Amino acid sequence: MKAGGRRCRARHPWSRVPHPDIPNKSRNCVPEKISQRKMTAGNHSTVMEFILAGLTDKPELQLPLFLFFLGVYVVTVVGNLGIITLIVLSSHLHTPMYYFLSSLSFIDLCYSTVITPKMLVNFVTEKNTIFYPECMTQLYFFIFFIVSEGHMLAVMAYDRYVAICNPLLYNVTMSYQVCSWLVVEVYMMGLIGATAYTGCMLRVIFCKAKIISHYFCDVFPLLELSCSSTYLHVVVLLCFSAFNILAPTLTILGSYVSIVVSIMQIRSTEGRSKAFSTCSSHVLAVTVFYGSAAFMYLHPSNVSSMDQSKVSSVFYTIIVPMLNPLIYSLRNKDVKVALNKIIEKRLFCINKDL
């Protein structure tokens, strides 16, 4: 085709020779866009490690707190392992109630181990660094065991409901297969919750700061470091939190309302006190766990809210796992009897060898 007596050659789009009809500004638009993307990526580079602020920055409190929480952790490990061992070795404790109690002790032992050792390191090092994969792993297992604990307490409340309200059908309703499926469902709830929470956190871009104002990788302190929009993540987290709080809470409340109604129908005072005593340990454990967790996430935000959240989270992540074996051992006659029998057997074997 000719234009003005001259032939216009169509140039190949990959040709290095610039076309005379294309302005310089248009020719350079692609490199400008690429450079802008690179600059944007550079401004929002992800953080590969965090620094845990710990409980306090006062040097004079580091050693006393280290010794205190080390003692708490030792008691937690010994107490929960002791409960599990006692239930395994004592044949008369092979009932659904103590099967669930051994699972609860295992959960307490695990999620205390997820949190406490890393916190103890913070007391003896100047800068407690935690890498991004390690932080997400800690968050995952913490959510897994904390959600499992809430649902396990609900299962234990249901077990008490069946034992008191339908005692004749207890062995049929709470068979070994049913108990096993209930425990599996508890861990499935923990798995789903942990996957959802951690999956949301993996999509968050951290680029503001590296210091986590906590002693472990928790959801809300991590969200404070985000430089991307967290609206969708917060909505998903709140939905899962509502389910994992409301479902166990309603189960526990419904079970104990039915239990109280059934107990009030018992005419003898001895029968009432015996029924109440079988539930007292579980009621105390539920109150301590949900009370501290509610104070952690429902207190009003103010200047000292972070310090308050640290104190309350210490209670339900470190103190509660230590208290549960004490509650179920000191207030439970069956556990005391089983412990005394094992001690007597060991002493008899020692004396026999001598």
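Description of the structure in this document. Nothing here was measured: the structure is a model prediction, and the numbers come from that model.

1. Brief notes about empty space enclosed by the protein
Step number 1: This model, assessed by the stated rule, comprises one cavity of 30 Å³ or more.
Step number 2: Volume-wise, the largest cavity comes out at about 50 Å³.
Step number 3: Listed by contribution, the elements that provide at least two residues to the lining of the largest cavity are α4 (96–124) and α5 (132–165).
Step number 4: Top contributing element to the lining of the largest cavity by residue count: α5, with three residues.

2. Re the state of the cysteines
Step number 1: Scanning the entire structure with this criterion turns up one disulfide.
Step number 2: No disulfide involves C165; its sulfur sits 8.8 Å from that of C279, the nearest cysteine.
Step number 3: Residue classification places C279 among the buried positions, given a relative accessible area of 4%.

3. A word on the pattern of salt bridges
Step number 1: Across all of its chains, the model carries three salt bridges by this definition.
Step number 2: Across the pair K210 and E49 runs a salt bridge, and its minimum N-O distance is 3.2 Å. Taken together, the positions of K210 in the loop between α7 (176–202) and β5 (211–212) and E49 in strand β3 (residues 49–52) put the pair 161 residues apart, joining distant regions of the chain.
Step number 3: By relative accessible area, K210 is classed as partly exposed at 36%.
Step number 4: In this structure, R160 and D159 form a salt bridge, with 3.0 Å as the shortest nitrogen-oxygen distance.
Step number 5: Judged by its relative accessible area of 9%, R160 falls in the buried class.
Step number 6: Look at D159 and you get buried, because its relative accessible area is 1%.

4. So, the packing of aromatic side chains
Step number 1: Tallied over the full model, the rule gives 14 aromatic pairs.
Step number 2: Relative to F206, the ring of F50 lies with its centre 5.4 Å away and its plane at 90°, an arrangement referred to as edge-to-face. One end of the pair, F50, is in strand β3; the other, F206, is in the loop between α7 and β5, and 156 residues separate them in sequence. Here the two residues F50 and F206 agree in accessibility, since each one is buried.
Step number 3: Considering the side-chain rings of F69 and F123, the 6.1 Å spacing of their centres and the 5° angle between planes classify their relative orientation as stacked. Highlighted residues: F69 in helix α3 (residues 59–89) and F123 in helix α4, separated in sequence by 54 residues. The pair F69 / F123 is uniform in exposure class, with both members buried.

5. So, the layout of surface pockets
Step number 1: The calculated volume of the second largest pocket comes to roughly 420 Å³.
Step number 2: Taken together, 16 residues line the second largest pocket, and the ones lying closest to its centre are Y98, S277, T278, N332 and D334.
Step number 3: Those elements giving two or more residues to the lining of the second largest pocket turn out to be α4, α10 (269–298) and α12 (333–353).
Step number 4: If you tally residues by element for the lining of the second largest pocket, the top one is α10, at four residues.
Step number 5: Here the residues of the lining of the second largest pocket are counted per class, giving five nonpolar, six polar and five charged.

Rules of the game
Residues numbered from 1 in each chain as written. Predicted model: local features only at pLDDT ≥ 70, side-chain atom pairs only at ≥ 80, totals over all residues. Heavy atoms only, no water. 1 Å grid on protein atoms, 1.4 Å probe; cavity = no way out; pocket = protein on both sides within 12 Å on 5 of 7 lines; lining within 4 Å. Points joined across faces, edges and corners; volume = space filled by probe spheres on them. Helix = DSSP H or I, 4+ residues; strand = E, 2+ residues; numbered from the N terminus. Disulfide = S-S within 2.5 Å. Buried < 20%, exposed > 50% of the residue type's maximum accessible area, 1.4 Å probe, protein only. Salt bridge = Lys/Arg side-chain N within 4 Å of Asp/Glu carboxyl O. Phe/Tyr/Trp six-rings, centres within 6.5 Å; stacked < 30°, edge-to-face > 60°. Nonpolar A, V, L, I, M, F, W, Y, C, P; charged D, E, K, R; others polar.

Fair warning: the whole summary comes from geometry, so function is off the table for now.
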